[in-house]
Amino acid sequence: MRQAGTVSDTPEQENNATADPRAPRVSRAAGNVPGARGPVGPVHAATVRNLERSAGKLAAAAIARMDENLSWYRVMPPENRSWIGLVAQAGIAAFTEWFRHPGAPQAISTDVFGTAPRELTRAVTLRQTVEMVRTTIEVVETAVDEIAAPGGEDALRGALLVYAREIAFATAQVYAQAAEARGAWDARLESLVVNAVVSGEADEGDVSRAAALGWDSPERVTVVVGSAPDADNELTVEAIRRAARYAKMQVLTGVLGKRLVVIVGGTDDPLRAAKSLIAPFAAGPVVAGPLVEDLQAATRSAQAATAGLRACAAWPDAPRPVAADDLLPERAMAGDATARGLLVEEIYRPLERAGSALLETLSVYLEQANSLEGAARMLFVHPNTVRYRLRRVTDVTGWSPSDVRSAFTLRVALMLGRLSAGEAGTSR
């Protein structure tokens, strides 16, 4: 018996003294104990050698199981399937190297996913990649008892669990980086398309770029323009996209300088579309351009909306949003040649073709401060005749002389029409 007051020489001796004498002694060399990290022992080295010899067989088994269990893998093009096979092989090789040096840091994402081209992240979804990784890990796990050296099964199994966690993180990182890169590229591409439309340079190439962004060429397009908020541009663009998804419209959008431009597809009403998207715009006027037939023609809508935004200062009480065509007189006064031409061609010319009586009655009515009786006296006709002719003006032009705002538009159209007639007469 041990004398009182004496102690074991070492903690290990003390443990052995109290342990069941029939229990086998366990070596505490790293690599022989499950989950051990640090210097490796002979059991660990033997397991590593077995892993190296079995790598090819494990990769082939993983591919075979994918072909058996994953329907999406079976229908993939041969090129992509070969890349996935390389990824599986690289994963097993990376695990072997990781297991060989358990204490050394390893760049798993580079070791495993660096073998495949970046384009593979587009061909294989994140869900499919997770299924591929799970299948490969399961194949290795089922072979643990066969691969591990005697006494190293638990260590190999524990290492495989840790590695599975690390590979899951690496998978998420690869796809996150790919998504960020793709998002940045898409944002630049979208900005190029929007800029081409606003600058009047949109062509078939821009239509193709828009198609790559998911634009499916809707039949009706309008452009909405307003001031951009001081918030981050990416947040503003994302807010526009959320509003468009809620309203079931397609959009291409971008912040150009201090302006927020939104190309809207799939709407019959520009003002209603603008109202659905107005929240992300900064305070101030928001102008919706007229409907056009496609993305290339959206240049006309964008130019009208941009001209309307510049001219909005002349109409402080304009509604928000406002249609670019409702700003025709202000745009014309601001020097917009398109607005001048529209006022002449859509108001003055139709009145001129309808007969001199309509032009004369409208002119006198406006000069008489919208007074039926005053105009009737000046024209020597009954007030009912003036009323009838004014209704005809509304039918011909779409603008009602009795409305203050419409009367202003009609007055400007008459002035521009007379100026153009005078210029034509002088040229002759």
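See the structure above.
Residues numbered from 1 in each chain as written. Predicted model: local features only at pLDDT ≥ 70, side-chain atom pairs only at ≥ 80, totals over all residues. Heavy atoms only, no water.

K.L.:
Could you give me a rundown of the overall build of the chain, with the residues and numbers involved?
P.N.:
Helix and strand counts for the chain come out as 19 helices and five strands. Considering the chain as a whole, with its 428 residues, one finds that 43% of them fall into the buried category. Counting only contacts in the chain whose residues sit at least 6 apart along the sequence, the fraction spanning at least 24 positions is 67%. By element, 53% of the accessible surface of the chain is carried by carbon and sulfur atoms, the whole surface being about 23,200 Å². (Helix = DSSP H or I, 4+ residues; strand = E, 2+ residues; numbered from the N terminus. Buried < 20%, exposed > 50% of the residue type's maximum accessible area, 1.4 Å probe, protein only. Contact = heavy atoms within 4.5 Å. Areas by Shrake-Rupley, 256 points an atom, 1.4 Å probe, with all protein chains shown as cover.)

K.L.:
I'd like a description of the packing of aromatic side chains, backed by residues and values.
P.N.:
Two descriptors summarise a pair of aromatic rings, namely the distance from one centre to the other and the angle between the planes of the rings. One pass over the full model with this rule turns up three aromatic pairs. Arranged with centres 6.3 Å apart and planes meeting at 90 degrees, the rings of W72 and Y73 form a pair that is edge-to-face. Given a relative accessible area of 10%, W72 falls into the buried group. Residue classification places Y73 among the buried positions, given a relative accessible area of 4%. An aromatic cluster of at least three residues, connected via ring pairs, comprises F95, F99 and Y163. When the ring centre of Y73 is taken as origin, the NZ or CZ atom of R81, which lies over that ring, is 5.6 Å away. (Phe/Tyr/Trp six-rings, centres within 6.5 Å; stacked < 30°, edge-to-face > 60°. Lys NZ or Arg CZ within 6 Å of the ring centre and 35° of its normal.)

K.L.:
Report on the pattern of salt bridges, specifying residues and quantitative values.
P.N.:
Two side chains with opposite charge may pair up if their charged atoms get near one another. Scanning the model with the defined rule gives 19 salt bridges in all. Residue D268 pairs with R220 through a salt bridge whose shortest N-O separation is 2.3 Å. With D268 in the loop between β3 (259–265) and α12 (270–277) and R220 in the loop between α10 (204–212) and β1 (221–227), this pair connects stretches of sequence that are 48 residues apart. Of the charged contacts in the structure, one is a salt bridge between R405 and E330, with a shortest N-O distance of 2.6 Å. Residue R405 is found in helix α19 (residues 404–427), and its partner E330 is found in helix α14 (residues 328–333); the two are separated by 75 residues along the sequence. What makes E330 buried here is its relative accessible area of 5%. (Salt bridge = Lys/Arg side-chain N within 4 Å of Asp/Glu carboxyl O.)

K.L.:
Tell me about the sheet that holds strand β5 (residues 322–323), residues and numbers included.
P.N.:
Pairing in this open sheet of five strands is mixed, and the strands run β2-β3-β1-β4-β5 from one edge to the other. Edge positions in the open sheet fall to β2 (250–256) and β5, since each of these has one partner strand only. Direction of pairing for β2 relative to β3: antiparallel, over a ladder of seven bridges. Bridge pairing in β3 places T253 opposite V262. (Pairing = 2+ DSSP bridges.)

K.L.:
Please provide a residue-by-residue account of the nonpolar core, values included.
P.N.:
W72, I84, F95 and L156 are the most contacted members of the largest nonpolar core, which totals 35 residues. When residues of this core are traced back to their parent elements, those giving at least two are α2 (42–69), α3 (71–74), α4 (78–100), α7 (126–142), α8 (144–147) and α9 (153–199). Top contributing element to this core by residue count: α4, with eight residues. Excluding its chain neighbours within four sequence positions, the residues that come into contact with L156 are T47, L51, F95, F99, V144, I147 and A148. Formed by 28 residues, the second largest nonpolar core is a distinct cluster that contains L362, Y365, V412 and A413. (Core = buried A, V, L, I, M, F, W, Y, C linked by side-chain atoms within 4.5 Å.)

K.L.:
Describe the packing of helix α15 (residues 337–354) against helix α16 (residues 356–367), listing the residues and the values that go with them.
P.N.:
Between α15 and α16, whose axes approach to 5 Å, the crossing angle comes to 125 degrees. Taken together, α15 and α16 sit at an angle that is classed as oblique. Across the interface between the two elements, Y348, L351, E352 and A354 from α15 touch L358, L359 and L362 from α16. (Axes fitted to C-alpha atoms, helices over the stretch in contact; angles between N-to-C directions. Parallel < 35°, antiparallel > 145°, perpendicular 65-115°, else oblique.)

K.L.:
How would you sum up a negative patch on the surface? Please name residues and give values.
P.N.:
There is a patch of like negative charges on the surface, built from E201, D203, E204 and D294. Here D294 lies in the loop between β4 (286–288) and α13 (298–311). Taking the relative accessible area as the measure of exposure, D294 reaches 32% and is therefore partly exposed. (Patch = residues over 30% accessible without salt bridge, like charges linked within 9 Å, V, L, I, M, F, W, Y side chains within 5 Å. Lys, Arg positive; Asp, Glu negative; His and termini not counted. Charge placed at Lys NZ, Arg CZ, Asp CG, Glu CD.)

K.L.:
Before we move on, could you go through the environment of P285 and cite the residues and values that matter?
P.N.:
When you line up the elements, P285 lands in the loop between α12 and β4. Residue P285 is classed as partly exposed on the basis of its relative accessible area, which comes to 33%. The spatial distance from the C-alpha of P285 to the C-alpha of G226 is 6.1 Å, given a sequence separation of 59 residues.

K.L.:
Can you lay out the environment of A376 for me, pointing to particular residues and giving the numbers?
P.N.:
With respect to the helices and strands, the residue A376 is situated in helix α17 (residues 372–379). Classification of A376 as buried rests on a relative accessible area of 5%. In sequence terms A376 and V364 are 12 residues apart; their C-alpha atoms lie 8.9 Å from each other. Beyond its immediate stretch of four places on either side in the chain, A376 contacts V381, H382, P383 and V386.

K.L.:
Talk me through the pairing of β1; I want residue IDs and the actual numbers.
P.N.:
The buried fraction of β1 is high, at six of seven residues. Relative to β3, β1 runs antiparallel, the two being bridged by seven bridges. Directly across from T222, in β3, lies its bridge partner V264. Two strands pair when backbone bridges link them, and β1 and β4 are joined in this way by three bridges, in the antiparallel orientation. Looking across to β4, one finds that G226 is bridged to V286.

K.L.:
Run through α7, naming residues and quoting values.
P.N.:
The first and last C-alpha atoms of α7 sit 24 Å apart over 17 residues, in line with the 24 Å expected at 1.5 Å per residue. Among all positions of α7, only Q128, T129, E131, M132, V133, T135, T136, I137, V139 and V140 are buried. (Expected span 1.5 Å × (residues − 1).)

K.L.:
Lay out unusual backbone geometry with the relevant residues and their values.
P.N.:
That bond from R320 to P321 is cis: its omega, 5 degrees, falls within 30 degrees of zero. Structurally, the position occupied by P321 is in the loop between α13 and β5. Notably, S217 is not glycine yet its phi reads approximately 55 degrees, a positive angle. Examined against the element boundaries, S217 turns out to sit in the loop between α10 and β1. Since its relative accessible area comes to 49%, S217 is described here as partly exposed. Its identity as a non-glycine residue notwithstanding, F380 has a phi of 60 degrees, on the positive side. Along the polypeptide, F380 turns up in the loop between α17 and α18 (383–397). Judged by its relative accessible area of 77%, F380 is exposed.

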